[in-house]
Amino acid sequence: MNWVITTFSSSLGKKLLTALTGLFLCTFLVVHLLGNLQLFYSDEGLAFNTYARFMTTNPLIKTVSILLYSSILGHAFLGLYLAYKNKKARPVSYASVNNQSVWASRNMGVLGTMILLFIVVHMSDFWYEYHNEDGFPFKEYKVELLTGKVSTSAKSGLDKGVYVDYVQDGVRTVIAKDLFLECKEAFEQLWYVVLYVISMAVLAFHLSHGFQSGFQTLGLNHKKYTSAIKWFGLVFSILIPLAFAAIPVYMYFS
Amino acid sequence: MSGTMNLTLKVWRQKNKNDKGAFATYQVKDISPDMSFLEMFDVLNEQLISKGETPIAFDHDCREGICGMCSMYINGRPHGPLKGVTTCQLHMRSFHDGDTIVVEPWRAQAFPVIKDLVVDRSSFDRIIASGGFVSVNTGNTKDANNILIGKEDADEAFSAAACIGCGACVAACKNASAMLFVSAKISQLAMLPQGDPERKRRAENMVETMDEEGFGSCTNTGACSAECPKEISLEHIARMNREYFGAKFTSQNVK
């Protein structure tokens, strides 16, 4: 097994792991965004809240989420460690520098650190509270299956593990934690919306370099595909953060 | 003289490896725009010698842009402002009368300054010695057509072999990474049948030595390729990554 350690502790090996975790996190962004888009529904959060329940209890999703958390930590740790080593590779800096590279590509460490801080804030607000808080609000939905009419009522004081979803006499009753309400309340605060929009701009810059850089590190550079990867990476790095940022802005104004 | 230039030079002066070093400012007068940058330095050094001062030490050899000896980080860019050109092929017509030019040595942990603008690039030699060669049978010269090589492969190998090992890639990289250099040397031999017998060992050993020498790692900024006087492409770095992992996962070397 010696060679495995040698391989992944070499500079190229650490880069490979950074690229693999980074690209995996890109796929996570897509899944996370698709879920979040349900916040645009005007259904008082029925779709979003049942989705949140599914994502936190499904065994397959829970298994993948372990991979996700370790990828975030691994990507951050490797990135910071490489940034530190790279800094040490030039102990005396130049008096004058005229860069011929793109700004984002030179500042991946700073951008990544800002994203990490954002993730900490983001998770301690929604993820941690959803999982652990005792007084978390609940909502009861009654959906008339024939007419599609939905009536809701807020519930509180329920045990944090409660989830109800059944159909009786043509009425679907759902009682779920009201994460939708949490989002709504959070994004009524302007500074919070601004924090999210800025963080998504930071993410956009990080992705604009990171996406195509990941493929290069994997050795996937080819006359036929590299221009397509770069183009797709640019579109990806603009569209995904834009869609994420649109959610708090939409909630603030509605 | 008409059409000549007067310039202010801020040059890094450092007595030896252990000296702290500092910038010194010099004035040069009546510089012809047709002089090369190094010839302008020759003029400055003549001035210094006639004043009894120590001339500025700088590396140079062929002055034809092919040996890779000259270095100099000029106004924030290795080999100065032009694309695909070494310092010796940079001419004073690229500057304007009255300009202030800042000249620094390559800056990298693995390239310690020996004196003034001269850095020790023997870390590159050690990387080459660890695998950048082919073991050939001695004896009569073989017929060139014995081994058939596709034109495209030959061209690609040649584009990598154009690397003169000057170290501008390391100087330009914000991480002082040597990956463009190492990848060119690995690529050049990986594309050719002559390089095949030692292909895996070469990739493993050269990357290992590169890490040991204290170069940074690549963050794909592309600054190296943009500043390379031989315009070595980033494709070679991708190929090095493939070569290295291909070797690591399939070679007989278990260490």
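Residues numbered from 1 in each chain as written. Chains lettered and ligands numbered in written order. Predicted model: local features only at pLDDT ≥ 70, side-chain atom pairs only at ≥ 80, totals over all residues. Heavy atoms only, no water.

Describing helix 4 (residues 59-88) of chain A
Residues and elements named next belong to chain A. In this model helix 4 runs 44 Å from its N-terminal to its C-terminal C-alpha over 30 residues, within 8% of the 44 Å that 1.5 Å per residue would give. Considered for burial, the residues of helix 4 that qualify are Ser65, Leu68, Ser71, Ile72, His75, Ala76, Leu78, Leu82 and Asn86. For helix 4, the secondary structure elements touched by its buried residues are helix 2 (11-36), helix 6 (108-132) and helix 8 (190-217). The N-capping residue of helix 4, defined by a side-chain oxygen 2.9 Å from the backbone nitrogen of Leu60, is Asn58. (Helix = DSSP H or I, 4+ residues; strand = E, 2+ residues; numbered from the N terminus. Expected span 1.5 Å × (residues − 1). Buried < 20%, exposed > 50% of the residue type's maximum accessible area, 1.4 Å probe, protein only. Contact = heavy atoms within 4.5 Å. Polar contact = N/O pair within 3.5 Å; in protein donor to acceptor, adjacent residues only side chain to side chain.)

Thoughts on the side chain of A:Arg106
Mapping A:Arg106 onto the fold places it in helix 5 (residues 103-106). Leave out the neighbours within four places in its chain, and A:Arg106 touches A:Asn99, A:Ser101, B:Lys174 and B:Thr221.

What to know about the domain arrangement of chain B
Residues and elements named next belong to chain B. With domains assigned, chain B is organised as domain 1 (5-114) and domain 2 (121-250). With 22 residues of domain 1 at the interface, the matching set in domain 2 holds 21 residues. When domain 1 packs against domain 2, close to 1600 Å² is buried across both sides, 56% of that on carbon and sulfur atoms. Counting across the domain 1 and domain 2 interface gives 3 salt bridges. Where Arg121 meets Asp59, a salt bridge forms, and the shortest distance between an N and an O atom there is 3.1 Å. Counting every contact that joins domain 1 to domain 2 gives 8 residue pairs in polar contact (both at pLDDT 80 or more). Partitioning the side of domain 1 that touches domain 2 into residue classes produces 11 nonpolar, 7 polar and 4 charged. (Domains from an automatic or database assignment. Buried area = accessible area lost by both parts, 1.4 Å probe. Salt bridge = Lys/Arg side-chain N within 4 Å of Asp/Glu carboxyl O. Nonpolar A, V, L, I, M, F, W, Y, C, P; charged D, E, K, R; others polar.)

Quick look at a nonpolar patch on the surface
Residues and elements named next belong to chain A. Together, Leu234, Ile238, Leu239 and Leu242 give the surface a local cluster of nonpolar side chains, amounting to about 400 Å² of exposed area. Summarising the element assignment, Ile238 is placed in helix 9 (residues 226-253). Judged by relative accessible area, which is 48%, Ile238 ranks as partly exposed. (Patch = residues over 30% accessible without salt bridge, like charges linked within 9 Å, V, L, I, M, F, W, Y side chains within 5 Å. Areas by Shrake-Rupley, 256 points an atom, 1.4 Å probe, with all protein chains shown as cover.)

Points about the sheet that holds strand 5 (residues 100-104) of chain B
All names here are of chain B. Ordered by their spatial adjacency, 5 strands build an open sheet running 2-1-5-3-4, and the pairing between neighbours is mixed. The open sheet has two edge strands with one neighbour each: strand 2 (22-31) and strand 4 (77-78). Inspection of the sheet shows strand 3 (residues 73-74) paired to strand 5 by 2 bridges, in the antiparallel sense. In the sheet register, Tyr73 faces strand 5, and the bridge partner there is Glu104. Sitting on the sheet, helix 1 (residues 37-50) touches strand 1 (5-13), strand 2, strand 3 and strand 5, and the angle it makes with strand 2 is about 100°. (Pairing = 2+ DSSP bridges. Axes fitted to C-alpha atoms, helices over the stretch in contact; angles between N-to-C directions.)

Describing the environment of A:Phe48
All names here are of chain A. Within the secondary structure layout, Phe48 lies in helix 3 (residues 46-57). You can call Phe48 buried: its relative accessible area is 5%. C-alpha of Phe48 to C-alpha of Asp178: the two residues are 130 residues apart in sequence and 8.9 Å apart in space. Those residues in contact with Phe48 that lie beyond four places of it in its chain are Gly35, Asn36, Gln38, Leu39, Leu179, Phe180 and Cys183.

Quick word on the interface of chain B and chain A
In this assembly, 47 residues from chain B lie in contact with 35 residues from chain A. Carbon and sulfur atoms supply 55% of the area buried between chain B and chain A, which totals about 3500 Å² over both sides. When residues of chain B are sorted by the area they lose upon contact with chain A, B:Arg107, B:Asn220 and B:Phe245 head the list and together hold 17% of the total. Viewed at the interface, chain A and chain B are joined by 0 salt bridges. For the pair chain B and chain A, the number of links is 23 residue pairs in polar contact (both at pLDDT 80 or more). Of the residues contributing to the side of chain B that touches chain A, the split by class is 25 nonpolar, 12 polar and 10 charged.

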